[in-house]
Number of protein chains: 2
Amino acid sequence: MKRPTINDVAALAGVSRATASRAMSDYGRISADTVERVKAAALELGYQPNAVAQSMRAGNTKTIGLVVIADFTNVFFDRATKGIVDAARDQGYEVIISNTDENIAIEREAINTLLQKQVDGLIVVPSTAAVHDHLSPTSRQNKPLVIIDRMVPGVNATSITTNDFESCEAAVKEAVAKGHKNLSFLIATSTIEGFDSEKPMLRNTTIEDRVNGFMNGVIDTKSKKAQWVYCSENPATAEAAVNHLLDSKAPPSIIFTSNNDMALAVLKVAGKRGLELGKDISLVTVDDSQWLEAISPGITVVERPVDEVARLAVEKLLEHINNKAKKPEKIVLPTRLISRGSVANLKAK
Amino acid sequence: MKRPTINDVAALAGVSRATASRAMSDYGRISADTVERVKAAALELGYQPNAVAQSMRAGNTKTIGLVVIADFTNVFFDRATKGIVDAARDQGYEVIISNTDENIAIEREAINTLLQKQVDGLIVVPSTAAVHDHLSPTSRQNKPLVIIDRMVPGVNATSITTNDFESCEAAVKEAVAKGHKNLSFLIATSTIEGFDSEKPMLRNTTIEDRVNGFMNGVIDTKSKKAQWVYCSENPATAEAAVNHLLDSKAPPSIIFTSNNDMALAVLKVAGKRGLELGKDISLVTVDDSQWLEAISPGITVVERPVDEVARLAVEKLLEHINNKAKKPEKIVLPTRLISRGSVANLKAK
DNA sequence: CTGAAAGCGCTAACAT
DNA sequence: ATGTTAGCGCTTTCAG
């Protein structure tokens, strides 16, 4: 009743298990006749090789570990996950997934567990740029590592990120060109409670990049009025922050949000206040989703090449695993501003 | 430069590797003194147990395989995946993910690979109810299996599904109560090309369940006019199907869609035609997302308890893995109709 | 309380 | 062309 092993196959075929192994993997010198007999025996027994034993012997598991945060308000990480799983499978690798919920302690533990399970490499979305001792070559047993979505300065590993700066800047410029003079920015960050106009420490380079892009847009366009609100990721707080903006003395005509959590808050508040999107209030966010395009008006967005990020992450990781890669690379992929109806053209009036 | 093994720890601590192993796992009779010395040695060397070797010995991997379809237009599978990964981790299990894109050949292969990797159990979203030889106890080496989202009649395994029938029926009744007399149904199915009003073979019980729920609603409310369109999952085709409905002699006042792909098509077409949702055209769909609630008007939806599905799937699977489970169960969880503004109240006029 | 030895299933040197 | 043997790293009898 137990799974057949290569020994059973060998016995049935009347050969030694070394021969059986050779026959199954088509290596070494072996007669076509034997191969056939062994394969027939394997088929008859329903033999399936035990990958754990193979890993034990070979010293590799053909498995990579993915440490990621799950986020259901944008499809970036979901699509990245799918992209990575699919790309890995194409190369004969499976993926073990860990979700960190952006918690560094969980991230640490996840990486540890993955290493104990002997993954051949790691793809990580680091929860913070501030702590990275657990990503050092020693901590990761010299296993290859590719960091995606965010950079972690100080870690000697390949990273695949996106150039959010430029498109965020472009978004501001476009809004100003359309006549928006009173701008506002709603930035999500887990480093504070509630919301505040003071810029706090930002935990990751991606958000920093977006903020800088927005900022530069403001400077370049010489916009006088620009309000900044940094806000915790809590939905209720986000709505409060939006209300705060709209209740200010000089309410903004447009809100740029750093992610879709914040954009949802804007939509909700707009709905409650009866404000029409793209008319009474304008909105720009980051990370495209199908629904952002489908609703009316569609929402203007900074789109990031998530499939490309995923594809490259696997490609680069495997290069390192197979020792074909030299030095770590810092790859930054371009983003794209997709203009839709959520930004009102104030000049047309 | 190599990872230290238990032998290295034993050597450093001056004990046999059997003793070292005992010390590390706190089992058997062993002096507190030795335990301390061994653990100190382990710490000094940065010893991490090799889970592959442990699996080899123990005959289990503390890993489960998840075979799922990725779908970015609704969060059901994404959230299920997260729920499963998190629940598994709580119990000390990791999850290897395979995406099938609803392709039976890939599903077969994925299950096979997972079994070769010696997962302790499988959670599967079967791509079709029609084929299931690969899910039989023999094909899966008698490894425990839990099927989610859809039932596969004929497979002897625990399944966790949702009762979409009732809420879909309720949705129709509510719409009729609001004065809708001309109903339409847009059902996604991968079993046909293009779209058609003839009911094709449906590949899974979940869609079947929704159709039956809608159908029963029509019957119960004695609605005379009801148009049915079965449509391939292609976005362009879906839009064409919506246009077809709206261009018919008696255009429906409401469209019930079987999933969010179809709902997006309705939104797009409505946008292009300048139809206002919840006024000129009404919409009900299945599977809630944050954006369905955030936009104005919100979209009425049949919500399924995805987190509960995930939690239960892991719970039941582990019961089977630990031999605590008796017979396979067919668990059906209740769904809920969430009414929002996308269904116009025609009687109020 | 601890050590020696066996063995999980596999493959690659090393024979023959 | 095939068989014998060793060993990947670990845990668990079995002895002592």
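Criteria and cut-off values
Residues numbered from 1 in each chain as written. Chains lettered and ligands numbered in written order. Predicted model: local features only at pLDDT ≥ 70, side-chain atom pairs only at ≥ 80, totals over all residues. Heavy atoms only, no water. Buried < 20%, exposed > 50% of the residue type's maximum accessible area, 1.4 Å probe, protein only. Helix = DSSP H or I, 4+ residues; strand = E, 2+ residues; numbered from the N terminus. Pairing = 2+ DSSP bridges. Near = heavy atom within 4 Å. Polar contact = N/O pair within 3.5 Å; in protein donor to acceptor, adjacent residues only side chain to side chain. Nonpolar A, V, L, I, M, F, W, Y, C, P; charged D, E, K, R; others polar. Axes fitted to C-alpha atoms, helices over the stretch in contact; angles between N-to-C directions. Contact = heavy atoms within 4.5 Å. Buried area = accessible area lost by both parts, 1.4 Å probe. Salt bridge = Lys/Arg side-chain N within 4 Å of Asp/Glu carboxyl O. Least-squares fit on C-alpha atoms with pLDDT ≥ 70 in both.

Let's talk about the pairing of strand 3 (residues 121-124) of chain A
Residues and elements named next belong to chain A.
In step 1: Burial along strand 3 is two-sided: G121 and I123 and L122 and V124, pointing in opposite directions, are all buried.
In step 2: Where strand 3 meets strand 4 (residues 145-148), three bridges bridge the pair, whose relative direction is parallel. The residue of strand 4 that forms the bridge with V124 is I147.

So, the protein's contact with DNA strand D
In step 1: With respect to spatial proximity, 27 residues lie near DNA strand D, and among them A:T19, B:I6, B:Y27, B:Y47 and B:R57 are the closest.
In step 2: Restricting the count to atoms of DNA strand D within 4 Å of the protein gives a sugar and phosphate share of 52%.
In step 3: Here a phosphate oxygen of DNA strand D and a backbone polar atom of B:I6 are 2.4 Å apart.
In step 4: A distance of 3.2 Å is found between a phosphate oxygen of DNA strand D and a backbone nitrogen or oxygen belonging to B:N50.
In step 5: When residues of the surface near DNA strand D are traced back to their parent elements, those giving at least two are helix 2 (17-25) and helix 4 (51-58) of chain A together with helix 2 (17-25) and helix 4 (51-58) of chain B.
In step 6: When its residues are assigned to classes, the surface near DNA strand D shows 11 nonpolar, eight polar and eight charged.

Comments concerning the sheet that holds strand 4 of chain A
In step 1: Pairing is mixed in the open sheet, where 12 strands are placed in the order 12(A)-5(A)-4(A)-3(A)-1(A)-2(A)-2(B)-1(B)-3(B)-4(B)-5(B)-12(B). The two strands at the open ends of the sheet, each matched to only one other strand, are strand 12 (330-334) of chain A together with strand 12 (330-334) of chain B. Averaged over all pairs of adjacent strands, the angle between strand axes in this sheet comes to 20°, irrespective of strand direction.
In step 2: In this structure, strand 5 (residues 158-163) of chain A lies alongside strand 12 of chain A, joined through five bridges in parallel fashion. The partner of A:S159 across the bridge, within strand 12 of chain A, is A:K330.
In step 3: Each of strand 1 (63-68), strand 2 (94-99) and strand 3 of chain A together with strand 2 (94-99) of chain B touches helix 6 (residues 104-116) of chain A; the most contacted strand, strand 1 of chain A, lies at about 175° to it.

Some points on the interface of chain A and chain B
In step 1: Counting residues at the interface gives 49 residues for chain A and 49 residues for chain B.
In step 2: Between chain A and chain B, the buried area comes to about 4600 Å², and carbon and sulfur atoms account for 59% of it.
In step 3: Taken as a group, A:V52, A:F72 and A:K117 account for 14% of the area that chain A buries against chain B, more than any other trio of residues on that side.
In step 4: In this assembly, chain A and chain B are joined by two salt bridges.
In step 5: Between B:K82 and A:D101 there is a salt bridge, and its shortest N-O distance comes to 3.0 Å.
In step 6: Our count for the contact surface shared by chain A and chain B stands at 24 residue pairs in polar contact (both at pLDDT 80 or more).
In step 7: Those elements that place two or more of their residues in the side of chain A that touches chain B are helix 4, helix 5 (76-90), strand 2, helix 6, helix 10 (260-273) and helix 11 (290-294) of chain A.
In step 8: By residue class, the composition of the side of chain A that touches chain B is 20 nonpolar, 17 polar and 12 charged.
In step 9: Note: strand 2 of chain A against strand 2 of chain B, three bridges, orientation antiparallel. Paired with A:I97 across the strands is B:V95, a residue of strand 2 of chain B.

Considering the relation of the copies chain A and chain B
In step 1: Mapping chain A onto chain B calls for a screw motion: a turn of 180° about the axis and a shift of 0.0 Å along it, with 0.1 Å RMSD after fitting. Taken together, the rotation and translation describe the operation of a two-fold axis. Considering only C-alpha atoms, the residue of chain A closest to the rotation axis is A:I96, which sits at 2.1 Å.
In step 2: The residues that chain A uses at the interface reappear at the interface of chain B in 100% of cases, marking a shared surface.

Taken by themselves, the reported measurements are silent on function.
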